[in-house]
Amino acid sequence: MRARAPASTANLGPGFDALAVALDCYVQVEVERAASLHVHSEGEGAGLFGDVTHLAARVAIGIIGHDRIAVTVRSQIPVSRGLGSSAALVAAAAAAAGVDDPLDIAAASDGHPENAAASVIGGLVAATTVEGRVCAARLPLSDDLAFVVIVPDRALKTADARTVLPASVRRDDAIFNLGRMGLLLAGLADPSLLTPAATADRLHQEARAALFPQAPVLLDALVAAGALASCWSGAGPSLLGITTEPAAERVREGALAALEDSGLTGRVLVHRSDRRGLVTGDAAEMPRAPDAGGPPDGEP
């Protein structure tokens, strides 16, 4: 069985641990019968794990109940960059192993229902856990939007990014985020309503800047280059510029210049939202990796 799941960008500023958008950047997992365990990986993360320690292998073995399988992983999703690579990988591995409910497995393994839901459902989602089960809903998202992603050449594990967050938040900060999240959802549905204020946040982004001091300058540069709004992608260090299709290349060029001015190395990619989510069988073929100029081959 073969399955494919998209990357995701979560939080989107004020929607901490609640909102995510699926992106047209993918991981594919294929699980086949074999005499003994064989694990092969290509693309992003290739060579990091080649045995039972590979997350996809652990998921598949747990579902099938034995290790007489061959697991092949092909990934376009940068690892430990705030783009939901773990959630997408678990969802694809679970589906390739034949499980009926990959969403709950991906959320339980990754600990982030919003990333898991985006990778399984596609589009813009709101998600949380209710009585131990993932509860997710797809929300309106304009087809006119594009997502410019600054991917620095540095990793930042989610667990490390959470260590700098305060244990409690002030009531006025919680109210601030709720209000901004309402503006954000309106703007994602209708880009004419989207402004930089919609991705303002008081719960996580400022605290995490201690781990990535260049982030505030790069976020401002995305807006200065024409993005409607900017924010951290998940726990970072990737940064997201939300823009319209016509402005995407201009925002990308501005982000590249800002990245160079900051003294950092990395990539700046243009993504669109994936609307299909998790797919299996023939539909799970890998498209060409997206570049700065357009969507991947075979994708809308």
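Structure shown above.
Brief notes about helix H9 (residues 248-261)
Logical step 1: In a regular helix each residue adds 1.5 Å, so 14 residues correspond to 20 Å; H9 covers 20 Å between its end C-alpha atoms and thus fits that length.
Logical step 2: Residues Ala248, Val251, Arg252, Ala255, Ala258 and Leu259 constitute the buried set of H9. Down the axis, H9 shows its buried residues gathered within 125 degrees of arc, on one side only. What points out from H9, more than 90 degrees from its buried face, is the exposed set Arg250, Glu260 and Asp261.
Logical step 3: Packed against the buried residues of H9 are strand E7 (145-152), helix H8 (215-224), strand E9 (239-244) and strand E10 (266-271).
Logical step 4: A positive phi of about 85 degrees marks glycine 263, the residue just after H9.

Observations concerning the sheet that holds E10
Adjacent strands of a sheet form backbone hydrogen bonds with each other and so pair up, either parallel or antiparallel.
Logical step 1: A sheet is described by the order of its strands in space; here four strands give the open sequence E8-E9-E7-E10, paired in antiparallel fashion. In the strand order of this sheet, the two ends are held by strand E8 (229-232) and E10, each with one partner. Neighbour to neighbour, the strand axes of the sheet diverge by 20 degrees on average, direction disregarded.
Logical step 2: Relative to E9, E7 runs antiparallel, the two being bridged by six bridges.

Side note on the packing of aromatic side chains
Each pair of aromatic rings is reported with the distance of its centres and the angle of its planes.
Logical step 1: Overall, the coordinates contain one aromatic pair when judged by the stated rule.
Logical step 2: Between phenylalanine 212 and tryptophan 232, the ring centres sit 6.1 Å apart and the planes meet at 85 degrees, which makes this aromatic pair edge-to-face. Taken together, the positions of phenylalanine 212 in the loop between helix H7 (205-208) and H8 and tryptophan 232 in strand E8 put the pair 20 residues apart, joining distant regions of the chain.
Logical step 3: For phenylalanine 212, a relative accessible area of 0% corresponds to the buried category.
Logical step 4: Judged by relative accessible area, tryptophan 232 falls into the buried class, the value being 1%.
Logical step 5: In this arrangement the basic side chain of arginine 4 is found over the ring face of tyrosine 26, its NZ or CZ atom lying 4.2 Å from the centre.
Logical step 6: For arginine 180, the ring lying beneath its charged end belongs to phenylalanine 176, and the centroid distance is 3.9 Å.

The rules we used
- Residues numbered from 1 in each chain as written.
- Predicted model: local features only at pLDDT ≥ 70, side-chain atom pairs only at ≥ 80, totals over all residues.
- Heavy atoms only, no water.
- Helix = DSSP H or I, 4+ residues; strand = E, 2+ residues; numbered from the N terminus.
- Expected span 1.5 Å × (residues − 1).
- Buried < 20%, exposed > 50% of the residue type's maximum accessible area, 1.4 Å probe, protein only.
- Arc of directions from axis to C-beta.
- Contact = heavy atoms within 4.5 Å.
- Pairing = 2+ DSSP bridges.
- Axes fitted to C-alpha atoms, helices over the stretch in contact; angles between N-to-C directions.
- Phe/Tyr/Trp six-rings, centres within 6.5 Å; stacked < 30°, edge-to-face > 60°.
- Lys NZ or Arg CZ within 6 Å of the ring centre and 35° of its normal.

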